[in-house]
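The primary structure of each chain is shown beneath.
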Amino acid sequence: MSGRRRAVGAGVVAAVLVGLAGCQPPDKGGASDGQGARSGAPAATSYLTGEPGAAGHVLAVKIDNVAAARPATGLDDAAVVYAIEVEGGLSRLMAVYDDRHLPGKVGPVRSARETDLQLLAQYDHPALAFSGAQSRLLPVLRASGDLTAVTGTRDFFRDSARRAPHNEYLHPAGPAAKGGTAKDIGLRFAAAVPPGGAAGTTASARMPSARFSFTYEGGRYRVSMDGRASPWSADNVIIQHVDVQESRYHSRTGFVPFTRTVGHGRAQILRDGRSYAATWDRPSPGAGTSYTLDGAPLPLRPGHTWIVLEP
C-alpha cells in the first residue's frame, strides 16, 4: 500500500481543523467523570473510541499470540489492541478495555514486560492484568505509580479445553474496577474521511518472527496473523514505527525486547480504505501519543483501533 502523501491545500487543512474542533474530547472541568457534557454542550464521547458515551475505568490485558494460543477471546470488545514484540521476535497483544464494554472473559493471558510500563503511563493509572513477569520486573510492576498490577487473583481461571500455558483466562469485571478512569491519550476521531492519503485495501506489518496483515472489507479491516485469517477486525489500523532495544530485565533464554513508545517517528494510518503516511509524537511518559499529517491532527474513524508497534 502506498505511503505517499498528497498535497493538502491550506484551505482544506483549515476545514479539517475546524471539523476536529467539534470532535475532540470535551473539557474535563464540566463533568464528574471527566467526559460528561455540560448543559448545552455536545454529548460526551469516549476518549478511546470517539463513540458516544464516556469511557469508564480502563483495563489492559496481556494476551498470548503464538499460533497455539489462537484464536484469542474478547478482542473485538477492546477499544484499542496493541501488538508488541517479545522474545524470539514473536508478538504479544495488549487489549485495552473500558469497564462499560467488557466481554465475559479474556485470554489466553500471558506475562508482562517492561514495555508495558512505558506504554501504559499515558493512561490514567489503568489496571494491568497479566499472568506473571520476570522476577525483578514483578515487584516494579506491583509498586508502579502508573498502573495497578493484577495477577494471581480469583479472577483468573484455567480452561480445560486448552493446553497450558495457553489456557489461562480472565473474568475482566473485577480487575477493570481497579483501573483509573479513561483520559485523553492523544487519539482524535471524526466521521468525515480526512483529505489526502492514498487509496488501498491492504497493508502489512512485520516483526522478526511475526506478521500482521489488514484487509479492508465491509467497512472494517480484517486482521490476519502469520498468513492466517483471524476472527478479529478493526475500524482503524495504526502501524507505528518504533525503536526496539534490550530490556533491563533480562532472560536466560536470550534477548528481551523493550519497545520505546516515547519519542517520535513514522506511522501508517488506515481508515475507510485509505492509507496516510503520518507522524507520531509522544514527548514524555505521561503524555498522550499524537498522530499528525502535515502538522495537523489526523483523525481516526470513531470505533476500535489496532496499533502495531513495528520495529
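For the structure, see preceding data.
Undergrad: I keep staring at the overall build of the protein and nothing clicks. Help me out?
TA: Within the protein, the regular secondary structure consists of 4 helices and 20 strands. In the protein, buried positions account for 50% of the 311 residues. A separation of at least 24 residues holds for 65% of the contacts in the protein among residues at least 6 apart in sequence. As displayed, the protein has an accessible area near 13000 Å², and 51% of this comes from carbon and sulfur atoms.

Undergrad: Looking at this model, I keep getting lost on the environment of Pro195. Mind explaining?
TA: Summarising the element assignment, Pro195 is placed in the loop between helix H4 (173-177) and strand E8 (198-199). Pro195 sits 98 residues away from Leu293 along the chain, and the two C-alpha atoms are 10.0 Å apart.

Undergrad: What is the right way to look at the sheet that holds strand E9 (residues 202-207) in this model?
TA: The strands making up a sheet are joined through hydrogen bonds of the backbone, oriented either antiparallel or parallel. Ordered in space as E9-E10-E11-E12, the 4 strands form an open sheet in which the pairing is antiparallel. The open sheet has two edge strands, E9 and strand E12 (228-234), and neither has a second partner. Strand-to-strand twist across the sheet, computed as the mean angle between neighbouring axes with direction ignored, equals 25 degrees. Relative to E12, strand E11 (residues 220-225) is paired through 4 bridges, and the arrangement is antiparallel. Counted as the bridge partner of Met225 is Arg228 from E12.

Undergrad: In this structure, what is going on with the nonpolar core? I would like to understand it.
TA: The tendency in soluble globular proteins is for nonpolar side chains to be buried as a group. One finds Tyr82 and Tyr123 to be the most contacted residues of the largest nonpolar core, which totals 39 residues. Non-local contacts of Tyr123, meaning those with residues more than four positions away in its chain, are made with Leu48, Val58, Val80, Tyr82, Val96, Lys183 and Ile185.

Undergrad: Teacher, can you tell me more about the environment of Ser131 here?
TA: Along the chain, Ser131 turns up in the loop between strand E4 (127-129) and helix H3 (137-143). The exposure class assigned to Ser131 is partly exposed, which follows from its relative accessible area of 28%. Apart from the residues within four sequence positions on either side, Ser131 is in contact with Val109, Arg110, Ser111, Thr151 and Glu168. There is a polar contact of 3.3 Å between the side chain of Ser131 and the backbone nitrogen of Ser111.

Undergrad: Where do I start with the pattern of salt bridges in this structure?
TA: It is possible for side chains of opposite charge to pair when their charged atoms get near one another. Summed over the entire model, instances satisfying the criterion amount to 12 salt bridges. For Asp64, the salt bridge goes to Arg110, with nearest N and O atoms at 3.1 Å. Here Asp64 is found in the loop between strand E1 (58-63) and strand E2 (80-85), whereas its partner Arg110 is found in the loop between strand E3 (91-98) and helix H2 (114-120), with 46 residues between them in sequence. Asp64 sits in the buried class, given a relative accessible area of 2%. A salt bridge links Asp184 to Arg188, with the nearest nitrogen and oxygen atoms 3.0 Å apart. Judged by relative accessible area, which is 27%, Asp184 ranks as partly exposed.

Undergrad: Could you clarify how one ought to interpret the packing of aromatic side chains in this entry?
TA: Any two aromatic rings considered together are summarised by their centre-to-centre distance and by the angle between their planes. Throughout the structure, instances matching the rule amount to 3 aromatic pairs. Aromatic pair Tyr216 and Tyr221: ring centres 4.9 Å apart, planes at 50 degrees, arrangement tilted. With relative accessibility at 1%, the residue Tyr221 sits in the buried group. Above the plane of the ring of Tyr169 lies Lys105, whose end atom (NZ or CZ) is 4.8 Å from the centre.

Undergrad: Mind showing me how you'd approach the side chain of Asn236 here?
TA: Turning to its location among the elements, Asn236 is positioned in strand E13 (residues 236-241). Polar contacts involving the side chain of Asn236 include one to the main-chain carbonyl oxygen of Arg301, which spans 2.8 Å.

Calculation notes
- Residues numbered from 1 in each chain as written.
- Predicted model: local features only at pLDDT ≥ 70, side-chain atom pairs only at ≥ 80, totals over all residues.
- Heavy atoms only, no water.
- Helix = DSSP H or I, 4+ residues; strand = E, 2+ residues; numbered from the N terminus.
- Buried < 20%, exposed > 50% of the residue type's maximum accessible area, 1.4 Å probe, protein only.
- Contact = heavy atoms within 4.5 Å.
- Areas by Shrake-Rupley, 256 points an atom, 1.4 Å probe, with all protein chains shown as cover.
- Pairing = 2+ DSSP bridges.
- Axes fitted to C-alpha atoms, helices over the stretch in contact; angles between N-to-C directions.
- Core = buried A, V, L, I, M, F, W, Y, C linked by side-chain atoms within 4.5 Å.
- Polar contact = N/O pair within 3.5 Å; in protein donor to acceptor, adjacent residues only side chain to side chain.
- Salt bridge = Lys/Arg side-chain N within 4 Å of Asp/Glu carboxyl O.
- Phe/Tyr/Trp six-rings, centres within 6.5 Å; stacked < 30°, edge-to-face > 60°.
- Lys NZ or Arg CZ within 6 Å of the ring centre and 35° of its normal.

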